[in-house]
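What the coordinates show
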Amino acid sequence: MAKKFIIGIIGKPFGGKETFSKLLGENLGGNHIHHVMFSGPLTSFSLDIGFPKEIIDRPFLQKLAQSLNRHFGDGTVTRGALLLTKDSTAPIDIIDGVRWPS
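Structural notes, computed from the coordinates. These numbers were taken from a predicted model, which means no experiment stands behind them. (Residues numbered from 1 in each chain as written. Predicted model: local features only at pLDDT ≥ 70, side-chain atom pairs only at ≥ 80, totals over all residues. Heavy atoms only, no water.)

**Observations regarding helix H3 (residues 58-72)**
Which entries qualify depends on this criterion: Per the convention used, a helix needs a DSSP run of H or I reaching at least four residues, while a strand needs a run of E reaching at least two, with both numbered from the N terminus. A helix is expected to reach a length of 1.5 Å times the quantity of its residues less one. Burial status follows relative accessibility: with a 1.4 Å probe on protein chains alone, a residue under 20% of its type maximum counts as buried, one over 50% as exposed, and anything between as partly exposed. By construction, the arc corresponds to the directions joining the helix axis to the C-beta atoms. Note on contacts: a residue pair is in contact if any heavy atoms of the two residues lie within 4.5 Å.
The terminal C-alpha atoms of H3, which comprises 15 residues, lie 21 Å apart, in line with the 21 Å expected from a rise of 1.5 Å per residue. Of the residues making up H3, those classed as buried are Phe 60, Leu 61, Leu 64, Ala 65, Leu 68 and Asn 69. For H3, the arc enclosing every buried residue in end-on projection is 160°, short of the 170-degree limit, so these residues lie on one face. Away from its buried face, by an angle of more than 90 degrees, H3 presents the exposed residues Lys 63, Arg 70 and His 71. Of the surrounding secondary structure, the elements contacted by the buried residues of H3 are helix H2 (40-48) and helix H4 (76-83). At the C-terminal side of H3, Gly 73 shows a positive phi close to 100°.

**Remarks on the sheet that holds strand E2 (residues 33-37)**
Selection rule: Following DSSP output, two strands are said to pair if at least two bridges run between them. Between the N-to-C directions of two axes lies an angle of 0 to 180 degrees, each axis being a line fitted to C-alpha atoms and, for a helix, fitted only over the stretch in contact.
Overall, parallel pairing links the 3 strands, which are arranged E1-E3-E2 in an open sheet. Each edge of the sheet is formed by a strand with only one pairing partner; in this case those strands are strand E1 (5-9) and E2. Across the sheet, the mean angle separating the axes of adjacent strands is 20° when strand polarity is ignored. Where E2 lies against strand E3 (residues 92-96), 5 bridges are found, and the strand directions are parallel. Across the sheet, residue Ile 33 finds its bridge partner in E3, namely Ile 92. The strands touched by helix H1 (residues 17-28) within the sheet are E1, E2 and E3, with E2 carrying the most contacts at an inclination of about 165°.

**So, the layout of surface pockets**
Definition in use: Cavity: a set of points on a 1 Å grid over the protein atoms alone where a 1.4 Å probe fits but cannot get out. Pocket: an open set with protein on both sides within 12 Å along at least five of seven lines, its lining residues, like those of a cavity, having an atom within 4 Å of a point. Grid points are joined across faces, edges and corners, and a volume is the space filled by probe spheres set on the points. Charged means Asp, Glu, Lys or Arg here, nonpolar means Ala, Val, Leu, Ile, Met, Phe, Trp, Tyr, Cys or Pro, and polar covers whatever is left, Gly included.
Looking at the largest pocket, its volume works out to about 500 Å³. Looking at the lining of the largest pocket element by element, the count peaks at 5 residues for H3. Of the residues that constitute the lining of the largest pocket, the class distribution is 9 nonpolar, 6 polar and 6 charged.

Keep in mind that these numbers describe shape and distance, not what the molecule does.
Okay, structure coming up:
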């Protein structure tokens, strides 16, 4: 089995996290990077249960993440983000917007 690297990127909003991912992907070639947003599972869940896209903003997702962690344990959102890397065939998965040490 080939080694797989998971890189978590932290930074302020609009601090260049996504730009870094894109540049790394361009330099390594198209299929080497799989980009995942840390907030991806939260956004998908919110849409799936019927929240309108217009209200799903950063404060909304922060409250949802805190609630999920409070009720289901620390690392709930992190586990969701890692699930998005599970089926990736890319050697490098980048999780953009990591918010907690878990």
